[in-house]
Every structure is written in structure tokens, then in C-alpha cells.
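# Structural description and commentary
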Amino acid sequence: MLDYLIVGSGLAGISFAEIALKNNKSILVVDNMSQVSSRVAGGFYNPVILKRFSEVWNAQEQLILMDEFYDRIEEKLHRKFNYKLPILRKFFSIEEQNNWFAASDKINLAPFLSTKLISKKYSGIDSPYDYGEVLHTGYVDTMLLLDTYRDYLKKNNLILEQSFDWAYIEFLDFGIQYKNIQARNIIFAEGFGLHKNPFFNYLPLDGTKGEMFIIKAPDLDLDVIINTSVFILPLGNDLFKVGATYNWQDKTDLPTEEGKQELIDRIKEIVACDFEIVEHYGGVRPTVKDRRPLIGTHEEFKSLHILNGLGTRGVMLGPAMAKALYDYIEDEIPLTREIDIKRFHKKYLKSLTSDRP
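None of these values were measured; they are calculated from a predicted model.

## A few points about the pattern of salt bridges
On inspection of all chains with the given rule, the structure shows 17 salt bridges. For Lys-25, the salt bridge identified is with Glu-330, shortest N-O distance 3.5 Å. Note that Lys-25 is positioned in the loop between α1 (11–22) and β2 (27–30) and Glu-330 in helix α6 (residues 314–331), a separation of 305 residues in sequence. The exposure class of Glu-330 is partly exposed, given its relative accessible area of 28%. Arg-150 is the partner of Glu-161 in a salt bridge, and the nearest nitrogen-oxygen pair spans 3.2 Å. Of this pair, Glu-161 sits in the loop between β10 (159–160) and β11 (169–172) while Arg-150 sits in helix α4 (residues 142–155), and the two are 11 residues apart along the sequence.

Written out as C-alpha cells, the structure reads:
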């Protein structure tokens, strides 16, 4: 009998798979790769919300657990995924500089915002007002990570590459049976696919579509991540990842002309050189209205658990939220109210009046 059947192999799913394996638990992952948001994510991590100059929730703890997690996976899979790289916020005015220094004086932001302006001139970018540097930043090559981890799961017979059908779940005294598989627990890490899950689709997962480019720009010379209205992340060989857009209405993974034009316009605000669009991606991020993850156990079916709602910060949140859920299931360490799905208890009660399992 398995300890964990894990539905989904995005950042949430592999984060939980890895912590379970680290603790010598038996797992099986089920995934048909229908949810692409983790694969096409920007992948960079940043402890500061630069739009509002506020600290990312629990940033320090997330960074520590994130570094431990990716170090362990790199050693295990013999590949490099995590790249430490500065993030520079380009300033467009003296007022923006002043706002930066005011933010860097705040106790919670001081560890993350350098008070030294970066005046280096990068080929292809005009920067008359210089840059501010965010500390403890970098990016994870999410596509390579997920592909490599999936290969690891395949080689060890730990993945079923098929769609999950909730109708086949049978509840038993010890846990569940799914088709011919018996498990003590199911972890649903389905991303935006949660909307089809009859056990958890009462939860307010919004989903925010994002679009992103890979561009080629031979005259753009960067060894840092530039973050303003979009981010520009150097990949080498004159290639750069650029994103992202935010669309709260469109729930498809298809790139759009509107998203394409928005990204082009924003790139031209920052980059003063020619560029060519090599790839154009789209994906729906699993976002929640209160901007907190969805973690916890079903109120009636105690073998069913959820790890979702990582939003735009899955690279940072994934390891920390997987650990929180694992500790809750195995050691009964309470979840904080901010992330526990019990905060939506009223929505659950309301859902019971509808046609639900």
C-alpha cells in the first residue's frame, strides 16, 4: 500500500513527492501534463513585491527551505536548476529612487533591498536613473527541472502518465483505492485543474493567465534579471525570457495576439535595441483572491489533501508549502490559518447543498 498518491507533477506535486521520498515514504504520481503553468513559469524568485515595495509573505523562511530543496534535487539528479542572479529594478525617475530608499529603511525590507544604486550601463538598455538591487534572488529553470524530475519518476516506476478520474476513488478504512492502487493519502496538486475536482472545487481558485516570450536580442548584454513592468531574464546565447502578462478573464493556455502586443509594448519601454520573438507561451497560474495558498485536508474525507494556489511564486512557495502539508499529515503540526483551507469553511458548507460527493 502506498503512503501517497500524488495528482500533478508541477512545482507543487514534485515538491511534495520529494519531501515524501526524503522521509522514506512510498509514492506514485499521476499526471497527464494537462496543466502547463509550472513549465512556462518565469521561474525567478524575489522576496520583495516591487510594484508595492512590500515583503513577500514569510519570505525569509521560504528562501531557506527553497535553497535546501533545490540543493538536494540538484545533487540527486546531477543537474543544475537553481541560478543565483541579482534582480535589478530599473528606475524611471528620481521619485522612484526616493521610494526605493524609503522602502529599504523598513525593518522587514532592509535585508532584501540594497541601499547602493547600481549605475552600470547595460548594452541595449537606457538607464539614466540607474537601478536598485534586490538581494537573495535568482531563478530556477522550471522546464528543465520538471522534465528531469519526471524522467527520474519514470525510471523508478513512480509515475502513471494518464489523466486522473475522481470517479474511481473508493473510500476504505485505511485510506482509498484508486482503480488497482491502494493508498493512505491522496495529494491533489492539480494547479488550475482543481476546478474539475469534485472534492475541492468549492475553493476560490481564480486562475490568472500569463503570457511570456523567449526573445533573441544580440545587442542586449545582461548578466542580471531586469524587473520593471516586465522581467527580462538572460538565458545565454543572446536569448532572454520575458514576461509576464496578467489576464483574469481568459482561462486558456493559448497565447493571444493581445498578450503578444502587450509584451512587445512593454519590452520597447525598457529595451533600446532590436529583438526577435523565438517562442510565445501561455499558462493559467493557480491564484487565490486572498493571495495565500490552498493547503489542507478535506473536511469529510480525511485521506484527501490539497496543495494548490501557489500563484506566481511557485518556485519559492512550493517547498515550504509541501513541508507544511507533510508535517500536518504526518506529525499533526497545525497549519497556519493563512494557508489552511479551513478558512473557507463557509464555502464548504454552502457546497454541501449542491450536487457534490
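Now that the structure has been shown, we can carry on.
## Comments concerning a negative patch on the surface
A cluster of acidic residues, Asp-219, Asp-221, Asp-238 and Asp-274, forms a negative patch at the surface. Within the secondary structure layout, Asp-238 lies in the loop between β16 (231–236) and β17 (239–243). By relative accessible area, which is 33% here, Asp-238 ends up partly exposed.

## Re the pairing of β17
Of all five residues making up β17, four are buried, and the element is well covered by its neighbours. Here β16 hands over to β17 after two residues, with Asn-237 in that stretch at a positive phi of 55°.

## Considering the packing of α1 against α4
Between α1 and α4, the least distance of the axes is 11 Å, while the angle of their chain directions is 50°. Here α1 lies oblique to α4, going by the angle between them. Every pair of crossing elements has a handedness; the one defined by α1 and α4 is left-handed. Residues Leu-11, Ile-14, Ala-17, Glu-18 and Leu-21 of α1 lie in contact with α4, whose contacting residues are Thr-142, Leu-145, Leu-146, Tyr-149 and Tyr-152.

## Digging into the packing of α1 against α6
α6 packs onto α1 with a crossing angle of 45° between their chain directions and a minimal axis gap of 8 Å. Looking at the two axes, α1 sits oblique to α6. Two packed elements cross with a definite hand, and for α1 against α6 that hand is right-handed. Contacts between α1 and α6 pair Leu-11, Ser-15, Phe-16, Ile-19 and Ala-20 from the former with Gly-314, Val-315, Gly-318, Pro-319, Ala-322, Lys-323, Leu-325, Tyr-326 and Ile-329 from the latter.

## Topic: the sheet that holds strand β9 (residues 138–140)
Taking strand neighbours across the sheet as the criterion, the three strands line up as β3-β9-β6 in an open arrangement whose pairing is antiparallel. Looking along the sheet, the strands with just one partner apiece sit at the ends: β3 (44–45) and β6 (82–84). Of the strands in this sheet, β3, β6 and β9 touch helix α2 (residues 59–77), which is tilted by about 125° from β6.

Basis of the calculations
Residues numbered from 1 in each chain as written. Predicted model: local features only at pLDDT ≥ 70, side-chain atom pairs only at ≥ 80, totals over all residues. Heavy atoms only, no water. Salt bridge = Lys/Arg side-chain N within 4 Å of Asp/Glu carboxyl O. Helix = DSSP H or I, 4+ residues; strand = E, 2+ residues; numbered from the N terminus. Buried < 20%, exposed > 50% of the residue type's maximum accessible area, 1.4 Å probe, protein only. Patch = residues over 30% accessible without salt bridge, like charges linked within 9 Å, V, L, I, M, F, W, Y side chains within 5 Å. Areas by Shrake-Rupley, 256 points an atom, 1.4 Å probe, with all protein chains shown as cover. Lys, Arg positive; Asp, Glu negative; His and termini not counted. Charge placed at Lys NZ, Arg CZ, Asp CG, Glu CD. Pairing = 2+ DSSP bridges. Axes fitted to C-alpha atoms, helices over the stretch in contact; angles between N-to-C directions. Parallel < 35°, antiparallel > 145°, perpendicular 65-115°, else oblique. Left-handed = near helix turned anticlockwise from the far one by under 90°. Contact = heavy atoms within 4.5 Å.

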